[in-house]
Amino acid sequence: MGMQETLLQEVINDLAENFRYGDDNILADILEGVADDALLMSNRHYKAVTEADRDAQLTILASNIKKATKAIYLQRGVEDVKSNSQSGLSNTYESVMETMLNDIIRQNKRLLL
């Protein structure tokens, strides 16, 4: 089993009751996009030539990828909403990809070219 499949199972386990049965393909698509973006943001896509190289780079970024994947999955339907206020309740949504980029930089996971 590759690192991406391992991450998928970990995300499903982390989501627990928030995961809807049958959403495996949706979550896998989100995870694939987030993983690709994380590799690009960290400049690690240059090192991910073979499947083993990609798995090694994904291992380094695993926590960032899992966090962003869960956030995107849970925010489905309100992707373009920045904040919402209704009946005295106020919700503010973060930019998941911007947060992931900032986390990668702060954690020194970005390679300087």
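The notes below deal with the structure included here.

Once that is clear, we can look at helix α4 (residues 62-74). The terminal C-alpha atoms of α4, which comprises 13 residues, lie 18 Å apart, in line with the 18 Å expected from a rise of 1.5 Å per residue. Contact partners of the buried residues in α4: α1 (3-15), α2 (24-41), α3 (51-60) and α5 (96-106).

So, about the environment of L112. With respect to the secondary-structure elements, L112 resides in the segment after α5. With a relative accessible area of 80%, L112 lands in the exposed category. Each C-alpha atom, one on L112 and one on R44, is 9.6 Å from the other, the two residues being 68 residues apart in sequence.

Before going further, it helps to examine the packing of α2 against α5. Closest axis-to-axis distance for the α2/α5 pair is 10 Å, and the angle between their directions is 45°. By the criterion of interaxial angle, the relationship of α2 to α5 is oblique. With respect to the hand of their crossing, α2 and α5 are arranged in right-handed fashion. Between α2 and α5, the residues in contact are V34, D37, A38 and M41 and M97, M100, L101 and I104, respectively. Residues of the contact of α2 with α5, tallied by class, amount to seven nonpolar, no polar and one charged.

Positionally, L58 belongs in helix α3. It is 9.3 Å that separates the C-alpha atoms of L58 and D36, two residues lying 22 residues apart in sequence.

Where empty space is left can be seen by rolling a probe of water-molecule size over the atoms. Summed over the entire model, instances satisfying the criterion amount to one cavity of 30 Å³ or more. As a volume, the largest cavity reaches approximately 50 Å³. Along the walls of the largest cavity sit N64, K67, A68, E94, V96, T99, M100 and D103, which together make up its complete lining. Of all the secondary structure elements, the ones that give two or more residues to the lining of the largest cavity are α4 and α5. Here the lining of the largest cavity takes four residues from α5, the largest share from any one element. Per-class residue counts for the lining of the largest cavity are three nonpolar, two polar and three charged.

Analysis parameters
- Residues numbered from 1 in each chain as written.
- Predicted model: local features only at pLDDT ≥ 70, side-chain atom pairs only at ≥ 80, totals over all residues.
- Heavy atoms only, no water.
- Helix = DSSP H or I, 4+ residues; strand = E, 2+ residues; numbered from the N terminus.
- Expected span 1.5 Å × (residues − 1).
- Contact = heavy atoms within 4.5 Å.
- Buried < 20%, exposed > 50% of the residue type's maximum accessible area, 1.4 Å probe, protein only.
- Axes fitted to C-alpha atoms, helices over the stretch in contact; angles between N-to-C directions.
- Parallel < 35°, antiparallel > 145°, perpendicular 65-115°, else oblique.
- Left-handed = near helix turned anticlockwise from the far one by under 90°.
- Nonpolar A, V, L, I, M, F, W, Y, C, P; charged D, E, K, R; others polar.
- 1 Å grid on protein atoms, 1.4 Å probe; cavity = no way out; pocket = protein on both sides within 12 Å on 5 of 7 lines; lining within 4 Å.
- Points joined across faces, edges and corners; volume = space filled by probe spheres on them.

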